[in-house]
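Spelled out from the first residue to the last, the chains are:
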Amino acid sequence: MKKVIILLLILLVFGCGGKKQVKPPSEEYSYTTQAFKIVDEIRQAYQNKDNSGIRKHCSESAYREIIASIRPFDRAELEFTPVFAEMFADGFRLYVSWNGKWSYLGKETEERGLAVFLIKGNPPQVEKILRGNPFRYPD
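Bear in mind the structure is a predicted one, so any value in this text is a computation, not a measurement. (Residues numbered from 1 in each chain as written. Predicted model: local features only at pLDDT ≥ 70, side-chain atom pairs only at ≥ 80, totals over all residues. Heavy atoms only, no water.)

A few words now on the packing of aromatic side chains. Applying the stated criterion to the full structure yields nine aromatic pairs. Aromatic side chains Trp98 and Trp102 sit 6.3 Å apart centroid to centroid with 80° between the ring planes, which places their arrangement in the edge-to-face category. Judged by its relative accessible area of 1%, Trp98 falls in the buried class. Residue class for Trp102 comes out buried when judged on its relative accessible area of 0%. A connected cluster of aromatic rings, assembled from ring pairs, spans Tyr46, Phe73, Phe80, Phe117 and Phe135. Sitting over the ring of Phe88, Arg93 keeps its end group 4.2 Å from the ring centre. (Phe/Tyr/Trp six-rings, centres within 6.5 Å; stacked < 30°, edge-to-face > 60°. Buried < 20%, exposed > 50% of the residue type's maximum accessible area, 1.4 Å probe, protein only. Lys NZ or Arg CZ within 6 Å of the ring centre and 35° of its normal.)

Encoded structure:
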């Protein structure tokens, strides 16, 4: 009887103690994570009025579009939350929900929306903002 109990304990310890295999993230997940990181770095650069930080993660046309849309502000606070990502033949689309607060000359403005960033390349960079440009406020 003792031998049976010891044998069951040994099987229990060694049978359940194996390493769990962790599946590596998919290529789409890795690209999505990288794309959101880039969009978030653009957000931070915008808040800090750092045009070179914006340029670093955009195509030339996207950079010009963003810079041309920026309105003057004393302070900006933007929050980005990834919502959805899609792969298309023309690139990768990242949908981002955003909330923003801007202060300019003592006036506060709040807005929110859904932006769609077209992202291309490896490493990814913003090619165009297809809708809901959060960088065009305050109105």
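The tendency in soluble globular proteins is for nonpolar side chains to be buried side by side. Counting 29 residues, the largest nonpolar core has Phe80, Phe117, Ile119 and Phe135 as the members making the most contacts within it. If you list the elements that add at least two residues to this core, you get helix H2 (27–47), helix H4 (60–69), strand S1 (75–88), strand S2 (91–104), strand S3 (107–120) and strand S4 (125–131). Every residue in contact with Phe135, bar those within four places of it in the chain, is listed here: Ile42, Arg43, Tyr46, Ile66, Ser69, Ile70, Arg71, Leu78, Phe80, Phe117 and Ile129. (Core = buried A, V, L, I, M, F, W, Y, C linked by side-chain atoms within 4.5 Å. Helix = DSSP H or I, 4+ residues; strand = E, 2+ residues; numbered from the N terminus. Contact = heavy atoms within 4.5 Å.)

Right, let's talk about the sheet that holds S4 for a bit. In spatial order, the strands read S1-S2-S3-S4; together these four strands make up an open sheet with antiparallel pairing. Single-partner strands in this sheet number two, and they are S1 and S4. Strand-to-strand twist in this sheet, taken as the mean axis angle between neighbours without regard to direction, amounts to 30°. Of the strand pairs in this sheet, S2 and S3 are connected by 13 bridges, and their pairing is antiparallel. Bridging from a neighbouring strand, Phe92 pairs with Ile119 of S3. Sitting on the sheet, H2 is in contact with S1, S2, S3 and S4, with an inclination near 160° to S1. (Pairing = 2+ DSSP bridges. Axes fitted to C-alpha atoms, helices over the stretch in contact; angles between N-to-C directions.)

Another point: the pattern of salt bridges. Using the criterion set out here, one finds seven salt bridges in the structure. Taking the shortest distance from any N to any O, the salt bridge between Glu60 and Arg55 comes out at 3.0 Å. Close ionic contact of Arg136 with Asp139 constitutes a salt bridge, the shortest N to O distance being 3.9 Å. Exposure remark for Arg136: the relative accessible area of 34% places this residue in the partly exposed category. Residue classification places Asp139 among the exposed positions, given a relative accessible area of 62%. Each of Arg55, Glu60 and Arg64 takes part in one network of salt bridges that share partners. (Salt bridge = Lys/Arg side-chain N within 4 Å of Asp/Glu carboxyl O.)

Below, the discussion takes up the environment of Gly91. Mapped onto the elements of the fold, Gly91 is located in strand S2. Since its relative accessible area comes to 16%, Gly91 is described here as buried. When the C-alpha atoms of Gly91 and Phe117 are compared, they prove to be 9.9 Å apart, with 26 residues separating the residues in sequence.

Purely geometric stuff here, so don't read any function into it on its own.
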